Amino acid sequence: MNTTDPKDDLRFYLQNARDALLWKLEGLSEYDVRRPLTPTGTNLLGLVKHAAGVELGYLGDTFGRPSGEHLPWLAEDAGTNADMWATADESREQIVGLYQRAWAHADATIGALALDTVGTVPWWPSGRNEVTLHHAVARVVADTHRHAGHADILRELLDGAVGMNQGNDALPAGDAEWWENHRSLIERAAREAGGDV
C-alpha cells in the first residue's frame, strides 16, 4: 500500500480485520457460529455482534454521530456481556447486516471528520473521556484485529480452518502428518522446559 493519507492506512487495516472476522463464519452451521468454545463463552457470532457495537460507539456516538441502530444489549436491564453472544432469535443475517451497517457508519465518520477532531466517549469517566478521531480509529482497528485473532483460534478448534482470509492462511505448507509432528515437537519442548519429561 502506497499512500500519503493516514486515513487510507487506517481504513485499509480496519477493513482487513472486518473481512477476516466475517470470513470466520463462512460455511459453519448456526450452532457452530454461536457455540461457546471457551470457559468465558467466547463464540464467533458474539465477536461480530460485539465488534458492531464497538464501531457504532467509538466511531459514531463518540463524535455526536449516532447511527439510530437499536442495540438492546446496551439497555440498562440487559444482562452482563449481552453484546458477546447471539440470542436464539437474533439471526446470523441480522448481526452480519448490523456489522456491515456499522462499517458504513464508521467509514462515513472517518470520511467526514479530520483525524484531530475531538469526541467524547460516553461510557468513559468524565474528565478522561475525550479522544481524537485518530485515537478512536486506532483503538477500533486494534480491537477488531484482536477479535479476528480470537475468531481464528475458534475456527481452528471447530474445523481446522485457519488464516487471515480465503487463500491466505499465512502458514507454512504441511499436510496433517507434518502438523502433528510439529505440534509434538512443541509439546516436547514445553514438557522439557517445565521439567515434565
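Here is a short report on the structure shown in this document.

Overview of the overall build of the protein chain
Part 1 of the argument: From N to C terminus, the protein chain includes six helices and two strands.
Part 2 of the argument: Per-residue burial for the protein chain yields a buried fraction of 38% across its 197 residues.
Part 3 of the argument: Counting only contacts in the protein chain whose residues sit at least 6 apart along the sequence, the fraction spanning at least 24 positions is 72%.
Part 4 of the argument: One way to put it: in the protein chain the 17 positive side-chain charges average out to a point 2 Å from where the 30 negative ones average out.

A short note on the packing of helix 3 (residues 44–58) against helix 5 (residues 133–159)
Part 1 of the argument: At a minimum axis separation of 10 Å, helix 3 and helix 5 run at an interaxial angle of 175°. One element, helix 3, and the other, helix 5, form an angle in the roughly antiparallel class. Between helix 3, through Leu-44, Leu-47, His-50, Val-54, Glu-55 and Tyr-58, and helix 5, the contact on the second element is made entirely by Ala-136, Arg-139, Val-140, Asp-143, Thr-144, His-147, His-150, Ala-151, Leu-154 and Leu-158.
Part 2 of the argument: Of the residues belonging to the contact of helix 3 with helix 5, the class tally is nine nonpolar, four polar and three charged.

Regarding the packing of helix 3 against helix 4 (residues 92–112)
Part 1 of the argument: It is the contact of helix 3 with helix 4, at a shortest axis distance of 9 Å, that shows an interaxial angle of 30°. Our classification of the angle between helix 3 and helix 4 gives roughly parallel. Where helix 3 crosses over helix 4, the two elements pack in a sense that is left-handed. Residues Leu-45, Val-48, Lys-49, Ala-51, Ala-52, Glu-55 and Leu-56 of helix 3 form the contact with helix 4, whose own contacting residues are Arg-92, Ile-95, Leu-98, Tyr-99, Ala-102, Trp-103, His-105 and Ala-106.
Part 2 of the argument: Residues that form the contact of helix 3 with helix 4 fall into these classes: eleven nonpolar, one polar and three charged.

Quick notes on the rules
- Residues numbered from 1 in each chain as written.
- Predicted model: local features only at pLDDT ≥ 70, side-chain atom pairs only at ≥ 80, totals over all residues.
- Heavy atoms only, no water.
- Helix = DSSP H or I, 4+ residues; strand = E, 2+ residues; numbered from the N terminus.
- Buried < 20%, exposed > 50% of the residue type's maximum accessible area, 1.4 Å probe, protein only.
- Contact = heavy atoms within 4.5 Å.
- Lys, Arg positive; Asp, Glu negative; His and termini not counted.
- Charge placed at Lys NZ, Arg CZ, Asp CG, Glu CD.
- Axes fitted to C-alpha atoms, helices over the stretch in contact; angles between N-to-C directions.
- Parallel < 35°, antiparallel > 145°, perpendicular 65-115°, else oblique.
- Nonpolar A, V, L, I, M, F, W, Y, C, P; charged D, E, K, R; others polar.
- Left-handed = near helix turned anticlockwise from the far one by under 90°.

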